[in-house]
Amino acid sequence: MKIQPFSVATLGAALREGWQSAAATRRPSLAYALAITAVGAVILGGLVGAGLTPFAMIAAGAFMLLGPALLPGFYGIAAAREAGGPVAATAVLAGFRHAAPALWALPMVCLLMFMIFVTDAAILYGYMVGGAPVRFFEMPAKPSDIARFLLWGGASGLVIAFLLYPVTLFSVPLLCERRSGLVGAVAASVRAVFANFAPAVLWALLLSTILIASCLLLPLLPLTLPWLAHAGWALYRRVLPND
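Procedures and definitions
Sequence order as written defines the numbering, with residues in each chain counted from 1. For a predicted model such as this one, the threshold for reporting local features is a pLDDT of at least 70, and the threshold for listing and counting side-chain atom pairs is 80 or more; totals across whole chains, interfaces and linings nevertheless cover every residue. Based on all heavy atoms of the structure, the side-chain values leave hydrogens and waters out of the count. Secondary structure counts use DSSP, requiring at least four H or I residues in a row for a helix and at least two E residues in a row for a strand, with both numbered from the N terminus. Radius of gyration means the value over C-alpha atoms here, while the globule rule gives 2.2 Å times the residue count to the 0.38 power. Burial status follows relative accessibility: with a 1.4 Å probe on protein chains alone, a residue under 20% of its type maximum counts as buried, one over 50% as exposed, and anything between as partly exposed. We call two residues contacting when some pair of their heavy atoms lies within 4.5 Å. Accessible surface is estimated by sampling points in the Shrake-Rupley manner with a 1.4 Å probe; for residues, cover comes only from the protein chains shown. Only four residue types enter the charge count, namely Lys and Arg as positive and Asp and Glu as negative; His and the chain termini do not. The atom standing in for a charge is NZ when the residue is Lys, CZ when it is Arg, CG when it is Asp and CD when it is Glu. Between the first and last residue of a helix there are one fewer steps than residues, each counted as 1.5 Å, and that sum is the expected span. The patch calculation keeps residues exceeding 30% relative accessible area without a salt bridge and links them within 9 Å when they carry like charges or within 5 Å when they are nonpolar (Val, Leu, Ile, Met, Phe, Trp, Tyr). Salt bridges are counted wherever a side-chain nitrogen of Lys or Arg sits within 4 Å of a carboxyl oxygen of Asp or Glu. Method remark: on a 1 Å grid restricted to protein atoms, a set of points is classed as a cavity if a 1.4 Å probe fits but cannot get out and as a pocket if it is open with protein on both sides within 12 Å along at least five of seven lines; lining residues have an atom within 4 Å of a point. Grid points are joined across faces, edges and corners, and a volume is the space filled by probe spheres set on the points. The classification used treats Ala, Val, Leu, Ile, Met, Phe, Trp, Tyr, Cys and Pro as nonpolar, Asp, Glu, Lys and Arg as charged, and all other residues, Gly among them, as polar. Only the stretch in contact is used when fitting a helix axis, every axis being a line fitted to C-alpha atoms; angles between N-to-C directions are given from 0 to 180 degrees. Should an angle lie under 35 degrees it is considered roughly parallel, over 145 roughly antiparallel, and from 65 to 115 roughly perpendicular; all remaining angles are considered oblique. By convention the crossing between two helices is left-handed if the near helix lies anticlockwise of the far one by an angle smaller than a right angle, and right-handed if it lies clockwise. Geometry of aromatic contacts follows a simple scheme: Phe, Tyr and Trp rings, the Trp one being its six-membered ring, pair when their centres are within 6.5 Å, and the pair is stacked under 30 degrees between planes, edge-to-face over 60, tilted otherwise.

A.B. asks: Could you clarify how one ought to interpret the overall build of the protein in this entry?
C.D. replies: Helices and strands together make up the secondary structure of the protein, namely 10 helices and zero strands. Listed N to C, the secondary structure of the protein is α-α-α-α-α-α-α-α-α-α in terms of helices and strands. The globule rule puts the C-alpha radius of gyration for 243 residues at 18 Å, and the 18 Å found for the protein is close to it. Overall, the protein is about 60 × 35 × 35 Å in size when its C-alpha atoms are taken along their principal axes. Of all 243 residues assigned to the protein, the portion counted as buried reaches 45%. For the protein, the proportion of contacts with a sequence separation of at least 24, taken over those separated by at least 6, is 79%. Accessible surface computed for the protein: about 11,700 Å², of which carbon and sulfur atoms make up 74%. Between the averaged position of the 14 positive side-chain charges in the protein and that of its 7 negative side-chain charges there is a distance of 7 Å.

A.B. asks: Explanation requested: helix H2 (residues 26–49) in the structure shown.
C.D. replies: Within an α-helix, residues lying three or four positions from one another point in the same direction, as the helix has 3.6 residues per turn. Along its 24 residues, H2 runs 32 Å from first to last C-alpha, staying within 8% of the 34 Å computed at 1.5 Å per residue. The set of residues buried in H2 consists of Pro 28, Ser 29, Tyr 32, Ala 33, Ile 36, Thr 37, Leu 44 and Leu 47. Against the buried residues of H2 lie helix H1 (8–24), helix H3 (53–83), helix H4 (90–98), helix H9 (197–216) and helix H10 (221–239).

A.B. asks: I would appreciate a short explanation of a nonpolar patch on the surface in the present structure.
C.D. replies: Where nonpolar side chains cluster on the molecular surface, the patch consists of Val 159, Phe 162, Leu 163, Phe 194, Phe 197, Val 201 and Leu 205 and spans about 650 Å² of accessible area. Residue assignment for the nonpolar patch shows that the elements contributing at least two residues are helix H6 (143–168) and H9. Checked against the element boundaries, Phe 197 lands in helix H9. With relative accessibility at 38%, the residue Phe 197 sits in the partly exposed group.

A.B. asks: Just checking my understanding: could you explain the layout of surface pockets for this structure?
C.D. replies: Taken as a whole, the largest pocket holds about 1,000 Å³ of empty space. Around the largest pocket, the lining is made up of 44 residues, and of these Met 64, Ala 161, Ala 204, Leu 207 and Ser 208 lie nearest the centre. Contributions of two or more residues to the lining of the largest pocket are made by H3, H6, helix H8 (182–195), H9 and H10. Looking at which element gives the most residues to the lining of the largest pocket, the answer is H3, with 13 residues. Across the lining of the largest pocket, the residue classes break down as 35 nonpolar, nine polar and no charged. Around the second largest pocket, the lining is made up of 22 residues, and of these Gly 40, Ile 43, Phe 63, Leu 66 and Phe 114 lie nearest the centre. Going through the elements one at a time, H2, H3 and helix H5 (105–128) are the ones with two or more residues in the lining of the second largest pocket. Among the elements that make up the lining of the second largest pocket, the one with the highest residue count is H3 (eight residues).

A.B. asks: Sorry, what's going on with the packing of H5 against H6 here?
C.D. replies: Two measures define how a pair of helices packs: the angle their axes make with one another and the distance between the axes. Between H5 and H6, the shortest axis-to-axis distance is 10 Å and the interhelical angle comes to 165°. Put simply, H5 runs roughly antiparallel to H6. Considering how the two elements wind past one another, H5 and H6 form a crossing that is right-handed. Of the residues in H6, those in contact with Leu 106, Val 109, Cys 110, Met 113, Ile 116, Phe 117, Asp 120, Ala 121, Leu 124, Tyr 125 and Met 128 of H5 are Asp 145, Arg 148, Phe 149, Trp 152, Gly 153, Ser 156, Gly 157, Ile 160, Leu 164, Val 167 and Thr 168. Considered class by class, the residues forming the contact of H5 with H6 number 15 nonpolar, four polar and three charged.

A.B. asks: Just checking my understanding: could you explain the packing of aromatic side chains for this structure?
C.D. replies: Enumeration over the complete set of coordinates arrives at eight aromatic pairs. Plain terms: the ring middles of Tyr 32 and Phe 74 are 4.7 Å apart, the flat faces sit at 55° to each other, and that makes the pair tilted. Here Tyr 32, found in helix H2, pairs with Phe 74, found in helix H3; they are 42 residues apart in sequence, far enough to count as distant. Of the two residues examined, Tyr 32 and Phe 74, each falls in the buried class. Residues Phe 194 and Phe 197 carry aromatic rings whose centres are separated by 5.7 Å and whose planes lie at 20° to one another, so their mutual orientation is stacked. Classification of Phe 194 as partly exposed rests on a relative accessible area of 46%. A network of ring pairs unites the aromatic residues Tyr 75, Trp 233 and Tyr 236 as a single cluster.

Here is the structure:
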């Protein structure tokens, strides 16, 4: 399949189209995003309640590693909108059902990387911060320890994310539409990312900054998650158009 080049202008167009698509499918997109946010609230609330507030900040970044496993639901909504029919909540399930069975190999890889990252972060936390509970208002008492943990934990997550990002960026929508097998989809995604490396890195930085900030300010996530998911679909349509 032919890979189209993309630029910063393409990213801007994808963001605009993603906002429009999220607004046009507000009910199913928001409902799906709220379900994801509710799970995130339970996890982050549990960490903060257990006195692991610095670890909760790293856990917000870990959401990026699981993101590809959630995208088929949003892509099902986007595909239903493209088809021109009514877009109901069932489009979320249709996105998962219609996807090629090989798609599930990618979430398994993401889950494995997530477990590796969380394990590494837990080891760093025990070594740098310690086992005593750290509440939000107690964080200024250990500024250097917490800063070191966030620095090295973030660096560990960055390495893992860099390994997953080229593999999943375009392979997930390709497999959702059954346009390729697993190997072909991954190869096309990697080629598209490295052929457009600078804008692809900018896209990754944009996604991670907005989503991590939204996870820490959790009420924002139901708004930003559909927007960026639909924008990712719009970018995919431009880079790998369906002939």
